[in-house]
Amino acid sequence: MYIGLDLGTSSLKAILIGTDQRILAEHAVPLTVSRPRDGWSEQDPNQWFAALDTAMKALGAAYDLSAVRGIGLAGHMHGATLLDSGDNVLRPCILWNDTRAADEARALDSDPQFRELSGNIVFAGFTAPKVVWVKNNEPEHFSKLAKVLLPKDYLRLLLTGEHVAEMSDAAGTSWLDVAKRDWSDALLSACDLTRDQMPRLVEGSESSGTVKDILAQDWGLPKGVVVAGGGGDNAASAIGAGVVSKGDAFVSLGTSGVLFAASDAYQPDAVSAVHTFCHALPDTWHQMGVILAATDSLQWLSRLTGQSAADLTLDLGPLQAPSRTLFLPYLGGERTPHNNPSMRGQFLHLDQATDAREAARAVVEGVTFAFADCHDALRSTGTVIERALALGGGAKSDYWLSAIATTLNLPLMLPQAGDFGAALGAARLGMMAGCGAGIEIAALPPIEKTIQPQSALSNAFQDTHARYRAAYSALKDL
């Protein structure tokens, strides 16, 4: 058996699978996020291990874990977990959606070697500018800094005692030479860091160590369970969904939104604000368009109206042409294609007839147009997507999927009920590391239905997308 651990922003999820990849048990433990100042987003790493301990004991209560051979890790990317020489956490982890380091990001991005070697813009949410922010604003912490770990890799340290990262997550730090799949001494030096402060690198499907004996005994695991390198959350989700080869793609409607395409070649285009990262498999890369607030935009409207997100989208009916009302979903800035951490959300063309339902429709459409911006950015790099899987909580809305399919002119494949996300991807990577399985186990899931573009509404959505882009241009400097 194999275990997949997915350290998300809002919860840690653990699943147990057999060799047939059927889920035998699963458990999720909620996590909390602290926002002490505007634009800040932090998490206490101590709660990660407490959540892991709870989840592992829940799996053990549901199923005998004595046949477990491998564990894989997935987690939210870009987080700066700072440790001293005794592996003590120096401060709360600065998360992926924290924008405090915008000035530091601009300064690093003005150095041409960052885009040249990392293949990406230095975004405010990436790890490097956050650590430079700590250097500039919390020198007492920077002076004690012995290791920088990404969130899932801090869990790995507690699991195995090893300081290890893998390629897909490391590619989101701005310190990795993404073509060479190795740390760049030049980029580290530009941040007053050295290779000694970085974890050892492995591929996502390789072993990174074994579970400590004391934890194995406590959780009912056998000795020597292999812990795979794993993957950043989106790369792991791609492994779980079978998006592992050139031409494979998915749309993820989670807290953030991702348009993800696998590639067998490294083809960066940093100016497009497309993310070009290593995949969690050797000799494979991927590109992503990333929007920071997808279902999070609907959750914001839910808090504002007092209605649940499910209720807000329950009665939207069949897809219809957009109204004049526009929503720009930049509640915490934006990544692709704008690289603008300062932009904020907007409602436009509200009138007395606008009710919660119409506002919800505008929010769904606004996130859809953000995905269309990502699609245009990926196409500008030469990436061609002919169809995509639809993943994430927002994929439960047929209206939303129809809007995305129509705007992007792409068929969207909705998997049958089941978990095909990061936790399954992590478990599959655990299987690869634990028993030597290959890419063949990362198959596409069974498809329940395919949402086709509605050609009769295509022009209406294209026209409104153009208005949406014009609105951003008009408002971005106000």
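Rules used throughout
Residues numbered from 1 in each chain as written. Predicted model: local features only at pLDDT ≥ 70, side-chain atom pairs only at ≥ 80, totals over all residues. Heavy atoms only, no water. Buried < 20%, exposed > 50% of the residue type's maximum accessible area, 1.4 Å probe, protein only. Helix = DSSP H or I, 4+ residues; strand = E, 2+ residues; numbered from the N terminus. Pairing = 2+ DSSP bridges. Contact = heavy atoms within 4.5 Å. Salt bridge = Lys/Arg side-chain N within 4 Å of Asp/Glu carboxyl O. Axes fitted to C-alpha atoms, helices over the stretch in contact; angles between N-to-C directions. Parallel < 35°, antiparallel > 145°, perpendicular 65-115°, else oblique. Nonpolar A, V, L, I, M, F, W, Y, C, P; charged D, E, K, R; others polar.

(A) Spatial organisation of the pairing of strand E19 (residues 285-291). In terms of residue burial, E19 counts as a mostly covered element, since seven of its seven residues are buried. The alternating pattern of E19 places Trp285, Gln287, Gly289 and Ile291 on one face and His286, Met288 and Val290 on the opposite face, and all of these are buried. Relative to E19, strand E17 (residues 257-263) runs antiparallel, the two being bridged by seven bridges. The residue bridging Gly257 from the neighbouring strand is Ile291, located in E19. In terms of strand pairing, strand E18 (residues 275-278) meets E19 through four bridges, oriented antiparallel. Of the residues in E19, the one forming a bridge with Phe277 is His286. Hairpin remark: E18 followed by E19, antiparallel, with six residues in the connecting loop; positive phi at Asp283, about 60°.

(B) Molecular detail of the environment of Glu386. With respect to the helices, strands and loops of the structure, Glu386 is situated in the loop between helix H13 (356-380) and strand E22 (388-391). With 24 residues separating them along the chain, Glu386 and Leu410 place their C-alpha atoms 6.3 Å apart. If we ignore the near neighbours within four places in the chain, the residues touching Glu386 are Leu410 and Pro411.

(C) Up close: unusual backbone geometry. Residue Thr336 is joined to Pro337 through a cis peptide bond whose omega torsion reads 0°. Within the secondary structure layout, Pro337 lies in the loop between strand E20 (326-328) and strand E21 (346-348). Its identity as a non-glycine residue notwithstanding, Gln21 has a phi of 70°, on the positive side. Residues other than glycine seldom take positive phi values, yet His349 does so here, at roughly 60°.

(D) Structural context of the pattern of salt bridges. The final tally for this structure, using the stated rule, is 25 salt bridges. Between Lys135 and Asp192 there is a salt bridge, with its nearest N and O atoms 3.1 Å apart. One end of the pair, Lys135, is in helix H4 (residues 127-137); the other, Asp192, is in the loop between helix H8 (185-189) and strand E12 (200-202), and 57 residues separate them in sequence. Using a relative accessible area of 25% as the deciding quantity, one classes Lys135 as partly exposed.

(E) Broad picture of the sheet that holds strand E23 (residues 412-415). One open sheet accounts for seven strands, arranged E18-E19-E17-E16-E22-E23-E24; its pairing is mixed. Edge positions in the sheet fall to E18 and strand E24 (447-451), since each of these pairs with one other strand and no more. With strand direction ignored, the average angle separating the axes of adjacent strands in the sheet is 25°.

(F) Structural context of the packing of H13 against helix H16 (residues 455-475). Axis separation between H13 and H16 bottoms out at 10 Å; the angle between their running directions is 85°. Between H13 and H16, the interaxial angle falls into the category roughly perpendicular. From H13, Glu365, Gly366, Phe369, Ala370, Ala372, Asp373 and Asp376 reach across to H16, where they touch Phe461, Thr464, His465, Tyr468 and Arg469. Here the residues of the contact of H13 with H16 sort into five nonpolar, three polar and four charged.

(G) Representation of the environment of Ala470 within the structure. Of note, Ala470 is situated in helix H16. For Ala470, a relative accessible area of 46% gives the class partly exposed. Distance from Ala470 to Glu162, taken between C-alpha atoms, is 50 Å for residues 308 residues apart in sequence.

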